[in-house]
Amino acid sequence: MTRRRIRAEVEGIVQGVGFRPFVYQLAKDFQLGGFVMNTSYGALLEIEGAIEKTEGFLEKLSSAPPPLARITNLTSKEIQSENQSDFVIKTSEASERMSALISPDVAVCDDCLAEMFDPMDRRHLYPFINCTNCGPRYTIIQDIPYDREKTSMRVFPMCPECQKEYHNPLDRRFHAQPNACPVCGPVVTLTSSTGKPLDADDPIAETVRLLKKGRIVAIKGLGGYHLVVDATNESSVKLLRERKRREEKPLAVMCPDMGTIKTLADVNPGEERLLESIIRPIVLLAKKHPFPLTDATAPGNRFIGVMLPYTPLHHLIIRNFSALVMTSGNLSEEPIAIDNNEALRRLGDTADFFLMHNRDIYLRSDDSVVTVDNGRPSQIRRSRGYAPAPVFLRNKQPQILAVGGEQKNTVCLTKENRAFISQHIGDLENLQTLDFFEMTVNHLKRILDIEPECIAHDLHPDYLSGKWAMEHRELGIEGVQHHHAHIAGVMAEHGLEEPVIGIACDGTGYGEDGCIWGGEILVADLRRYQRIGRLSYTPMPGGAAAIKEPWRMAVSYLISAYGDDFDQLDLPFIKKRDPEKIRILKQMAVGGIRSPLTSSLGRLFDAVAAMAGIKEIAAFEGQPAMMLEMVHPGKIFQPYAYECENKDDAFIINVPLIIREVVGDILRNEPVEKISGRFHSTIINAFAQTAKEIALKTGIGTIALSGGCFQNRILLNGVAGKLKQLNFNVYTQQLTPVNDGGLSLGQAVIAGARIRGG
Ligand code: ZN
Ligand code: ZN
Ligand code: FE
C-alpha cells in the first residue's frame, strides 16, 4: 500500500470555531497520522497515510468544514514521509504572518442551551455557557493569536473540570477560549441605579420580576448594554422613550421564539432563516394588524425590528415574556455603554436597575439591523455577528484605512483581497463617538495586523472623520467623493471593474462644486467618475436646519417652482407657520444667504412629506421621507409630468416641475396615499429614464444603485425593476448598507485602485 504525507495550509476563519477537533476526528476517521495546529494566518496540518485516504480527507475538509469555519484558501503539497501513524493537536505558535481571521460573535448553540436547561448538568441555568461552536469572540478579543490570555476571559482561571474539557481534543469545549462554569467563570449582579448590589438570591429571577412590574432594567449583553422594558406595557415603553430622549424612532424587540414572533409580524422564509441564523440580527418585519404590542414600540411604522435571544442570559430572561423592548444602552446618539461604571454613570438616570456581569467587553458592538426583500438580505446596520468577517475583493489591495462618512460611520481596512468593515460606530458628532472611532481603528489595525499606507476619506470639510484623516496625513491621504464611494461599494461587493452607471439616491453628500449632492447619476469606475445626471439645484436655507425642519425645505422648493407667488398658494402647511419666519426664509433662499444649493433626493422626499402635511418637523433623520413611504399603498400609480433636460453634457431632472404637480394634487385635496404613490412613480421613472438615456449615449449596460434613499423599498424595487425590464444588469449592495455605513468599503477600493493604477 502506497503511503504519502501531505502538508496543508488553511486560511480563513478556522480559529475558535472547533476546527482542530474537527480535523482530529476526521484524521481518525480516515486512519491518518500527522498533526494540526493554529498559526497566525490560520491553521497548518500534516496528514500521512494511504493515498486514497489522504484524498478523501482533503475532499471532506474542503467540502464540509465545521459550521462556523470559513476556509478561504487551502494549499497542499506532498512532503517527506515520517511514518507517523498517530494524530496529534499541537498548541499554537506565533508566526510572522498574522492574518488569521477572527470570528464574529456567535449566538449560543442548541447543545449549550440543552445543557443550560438540564437540571442535572453542572451548568444548569448558568448564563455564560458556551463552546467552540458558539459564544463571544470579536467583542472580547484584545489581540491575536486568539487565545484565552488575549481575551477578557484571562481573569477567570479555569476550574479542574473546565480545564479537562478545554484540553480534551474530543470535547466540544476543546480550546473554547471563553469556556466557563458557575465554579470558575463570570457571574451576574443586580444593582440599583446607583450601583448598590441588591440582596437577591437569584438576580435573574429578580430582574424578571422587576421587568414584569414595568421597571426599566439596563442589561449587559454581548456587545454592550441594552435598555430593557416589557414591550406589552405601554407606560413603561413611553417612560423609556422619555428618559432616553428618543421620541419617535422605532425600538427593537426580542421575542422568545419564532412562534411568538409570528403573532406580531408576518415572517417569510428568508426572514425566518436570518432570524434563526447564528448572526441573530434585528430583522425588520411587517407588523400584523391588529398589533399585539404597544404602538409606542414603532409608532407610525409598518415595520417592527425583531430579534431572537442570542446569549444564554437572554434565554433565561426572555422565556418569561412574549416580547421585551431591547434598545441600545445609550442616550440619543452616543455610543452604546459597555463598561459597568460607565453604564451607571451614563444610564443611571434612564434605568431603574442594572443587571451587570464581570466579563469585560473590549469592543462595543450594536445589534445588526437587516431587511429581507425578495428573499435577499439587505443591511441597514452591519454590526454584531457580521464584523469583523471580511468582504472578499476581486483584486489584492494595498493596506488602506478608509474612515467612512459622518452618519452611521464605519471604518474599513484592507489587506490582500479582503476588506474588513468595522462594526457600526455611529454618528460622528460628539467626542464619545470619536473616541470609539479611534479605538476601533487601533483595535482593528492590531488584530488584523494592518499598517495602512494610505487613509481614504470623504471630501466634506466638516466631517470629523475627514478631519481625523487630515491629522494623520503623513500616511498619505486620498479624498473620495461621497457618491463615488457609494457606487464603488456596490462595485466592490460584486467584483465589478468596468465602468458602470451609478445611481446614488441619497440624503447629504459633499460635491466637488461645494454643493450638497444627493440625487446623482454617475458614470464611474473604481478610479474616477463623471457626474452625468442629477436633480436640479434648490437652495437649502439654513443648511442643517432645513434637514431637521423639512417645511423650510418645502418653502424653498415652492419658491423655485412659483417664484414670489408661492405664498398665494392655499397650502395648509404654510398657513401653520409664522409669516415672519417664512419671510426670512425667503430672503435667505433668494439671496443665497447660508443657503447651499442641493440636488438631494432625501431633501425632496422630506419636503414632499412636509407639503402633504404628513410630517413637517423630523424627529430623526429621514423620518418624513420614511413616513411618505409608509403611506404608499403598494400599487402602481401614474407618474406626474417630469422632464429631464440635457444641458452641457449633463442630464438635469427638473424638480420645480415635479413640485408644481405635487402642489396641484394637494390643492385638489387628493389623499396622501395617492400623492405618495404618484411621487414615488415619478422619481422611479425619472431616474430610470435618465439612466437609460445615459446608457444609450455611453454604451454602458451595467447599473449600480446605492445611497440612503434606497432603504426605501418601493424606490429600490421600482428603479431596479424598471431597469431590469430594459435588460440592464442591475446591482445593489447585500453585504454592506446602502446608507453611509457602506461608504468606507467604497472609499477603500477607490483608494486601492488609484494606488494600484498610479
Ligand atoms: Zn455552544
Ligand atoms: Zn469551571
Ligand atoms: Fe450618503
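Scroll up for the structure.
Figured I'd write up the structure that's included with this text. (Residues numbered from 1 in each chain as written. Chains lettered and ligands numbered in written order. Predicted model: local features only at pLDDT ≥ 70, side-chain atom pairs only at ≥ 80, totals over all residues. Heavy atoms only, no water.)

1. What about the packing of helix α18 (residues 601-611) against helix α20 (residues 655-667)?
(1) Moving on: Between α18 and α20, the shortest axis-to-axis distance is 11 Å and the interhelical angle comes to 20 degrees. Classed by the angle they form, the pair α18 and α20 counts as roughly parallel. Judged by the sense of rotation from one axis to the other, the crossing of α18 with α20 is right-handed. Contact residues: α18 offers Leu 604, Val 608 and Met 611, while α20 offers Val 655, Ile 659, Val 662, Val 663 and Ile 666.
(2) Moving on: Classifying every residue of the contact of α18 with α20 gives eight nonpolar, no polar and no charged. (Axes fitted to C-alpha atoms, helices over the stretch in contact; angles between N-to-C directions. Helix = DSSP H or I, 4+ residues; strand = E, 2+ residues; numbered from the N terminus. Parallel < 35°, antiparallel > 145°, perpendicular 65-115°, else oblique. Left-handed = near helix turned anticlockwise from the far one by under 90°. Contact = heavy atoms within 4.5 Å. Nonpolar A, V, L, I, M, F, W, Y, C, P; charged D, E, K, R; others polar.)

2. Quick word on the coordination of the iron ion (ligand 3)
(1) Moving on: Those donors, His 482 (NE2), His 486 (NE2), Asp 506 (OD), Asp 506 (OD) and Asp 740 (OD), are the protein atoms that reach the iron ion (ligand 3), and they lie 2.1 to 2.6 Å from it.
(2) Moving on: Positions of the donor residues of the iron ion (ligand 3), expressed as sequence spacing, correspond to H-x3-H-x19-D-x233-D. Residue His 482 is found in helix α13 (residues 482-494), and its partner Asp 506 is found in strand β21 (residues 500-510); the two are separated by 24 residues along the sequence. One exposure class covers both His 482 and Asp 506, and it is buried. (Donors = N, O, S within 2.8 Å, 3.2 Å for Na, K, Ca; no water. Buried < 20%, exposed > 50% of the residue type's maximum accessible area, 1.4 Å probe, protein only.)

3. Quick look at the side chain of His 483
(1) Moving on: You can see His 483 is positioned in helix α13.
(2) Moving on: Polar side-chain contacts of His 483 include one of 3.0 Å to the side chain of Asp 506. (Polar contact = N/O pair within 3.5 Å; in protein donor to acceptor, adjacent residues only side chain to side chain.)

4. A look at the pairing of strand β11 (residues 282-287)
Note on strand geometry: in a regular strand, side chains alternate between the two faces of the sheet.
(1) Moving on: Relative to β11, strand β10 (residues 265-266) runs antiparallel, the two sharing two bridges. By the bridge assignment for β11, Ala 265 is matched with Lys 287.
(2) Moving on: The pairing of β11 with strand β12 (residues 303-307) spans four bridges and is classified as antiparallel. Bridge pairing in β12 links Val 283 to Val 306. (Pairing = 2+ DSSP bridges.)

5. Some points on the pattern of salt bridges
(1) Moving on: Scanning all chains against the criterion turns up 42 salt bridges.
(2) Moving on: Arg 243 is the partner of Asp 352 in a salt bridge, and the nearest nitrogen-oxygen pair spans 3.0 Å. Residue Asp 352 is found in the loop between α10 (340-347) and β14 (353-357), and its partner Arg 243 is found in helix α6 (residues 234-244); the two are separated by 109 residues along the sequence.
(3) Moving on: A residue is classified by how much of its surface remains accessible, and Asp 352, at 13% relative accessible area, is buried.
(4) Moving on: What makes Arg 243 partly exposed here is its relative accessible area of 26%.
(5) Moving on: Close ionic contact of Glu 670 with Lys 674 constitutes a salt bridge, the shortest N to O distance being 3.3 Å.
(6) Moving on: Residue classification places Lys 674 among the partly exposed positions, given a relative accessible area of 27%.
(7) Moving on: By sharing partners, the salt bridges in this structure join Arg 3, Arg 5, Arg 7, Glu 46, Glu 48 and Glu 82 into a single network. (Salt bridge = Lys/Arg side-chain N within 4 Å of Asp/Glu carboxyl O.)

6. Examining the coordination of the zinc ion (ligand 1)
(1) Moving on: Only Cys 109 (SG), Cys 112 (SG), Cys 131 (SG) and Cys 134 (SG) from the protein reach the zinc ion (ligand 1) as donors, at distances of 2.2 to 2.4 Å.
(2) Moving on: Each of the four donor atoms bound to the zinc ion (ligand 1) contributes to angles spanning 105 to 117 degrees, and the resulting shape is tetrahedral.
(3) Moving on: Within one chain, the residues donating to the zinc ion (ligand 1) are spaced in sequence as C-x2-C-x18-C-x2-C. Of the two residues, Cys 131 and Cys 134, neither departs from the other in class, the shared state being buried. (Tetrahedral: all angles 85-135°; square planar, octahedral: opposite > 155°, others 65-115°.)

7. Considerations on the sheet that holds strand β2 (residues 33-39)
(1) Moving on: On the basis of which strands lie adjacent, the open sheet formed by five strands has the order β4-β1-β3-β2-β5 and mixed pairing. Each end of this open sheet is capped by a strand with a single partner; those strands are β4 (70-79) and β5 (87-89). Taken over all neighbouring pairs, the strand axes of this sheet differ in orientation by 15 degrees on average, direction set aside.
(2) Moving on: Alignment of strand β1 (residues 3-13) against β4, held across nine bridges, turns out to be antiparallel. When the bridges of β4 are listed, Ala 8 appears paired with Ser 76.
(3) Moving on: Contacting β1, β2, β3 (42-50), β4 and β5, helix α1 (residues 19-29) runs over the sheet at an angle of about 175 degrees to β5.

8. Details of helix α21 (residues 672-698)
(1) Moving on: Across its 27 residues, α21 extends 39 Å between first and last C-alpha, which sits within 8% of the 39 Å expected from 1.5 Å per residue.
(2) Moving on: Gly 699 sits one or two residues past α21 and shows a positive phi near 75 degrees. (Expected span 1.5 Å × (residues − 1).)

9. A few points about the sheet that holds strand β19 (residues 454-458)
Sheet strands pair by backbone hydrogen bonding; their relative direction is either parallel or antiparallel.
(1) Moving on: One open sheet accounts for four strands, arranged β18-β17-β19-β20; its pairing is mixed. Here the strands that pair on one side only, and so sit at the sheet edges, are β18 (412-421) and β20 (477-480). Strand-to-strand twist across the sheet, computed as the mean angle between neighbouring axes with direction ignored, equals 55 degrees.
(2) Moving on: Relative to β20, β19 runs parallel, the two being bridged by four bridges. Looking at the pairing, Ala 456 lines up with Glu 478 of β20.
(3) Moving on: Strands β17 (391-402), β18, β19 and β20 of the sheet are contacted by helix α23 (residues 743-757), whose axis makes an angle of about 90 degrees with β17.

10. Some remarks on empty space enclosed by the protein
(1) Moving on: Applying the stated criterion across every chain yields a total of six cavities of 30 Å³ or more.
(2) Moving on: Its boundaries defined by the atoms lining it, the largest cavity holds a volume of some 140 Å³.
(3) Moving on: Looking at the largest cavity, it is lined by 19 residues, and the ones nearest its centre are Pro 127, Leu 222, Thr 311, Pro 312 and Arg 359.
(4) Moving on: Per-element tally for the lining of the largest cavity: the top contributor is helix α9 (residues 312-318), with three residues.
(5) Moving on: In terms of residue class, the lining of the largest cavity is built from 11 nonpolar, six polar and two charged. (1 Å grid on protein atoms, 1.4 Å probe; cavity = no way out; pocket = protein on both sides within 12 Å on 5 of 7 lines; lining within 4 Å. Points joined across faces, edges and corners; volume = space filled by probe spheres on them.)

So far we have only geometry, and geometry alone does not tell us how the molecule works.
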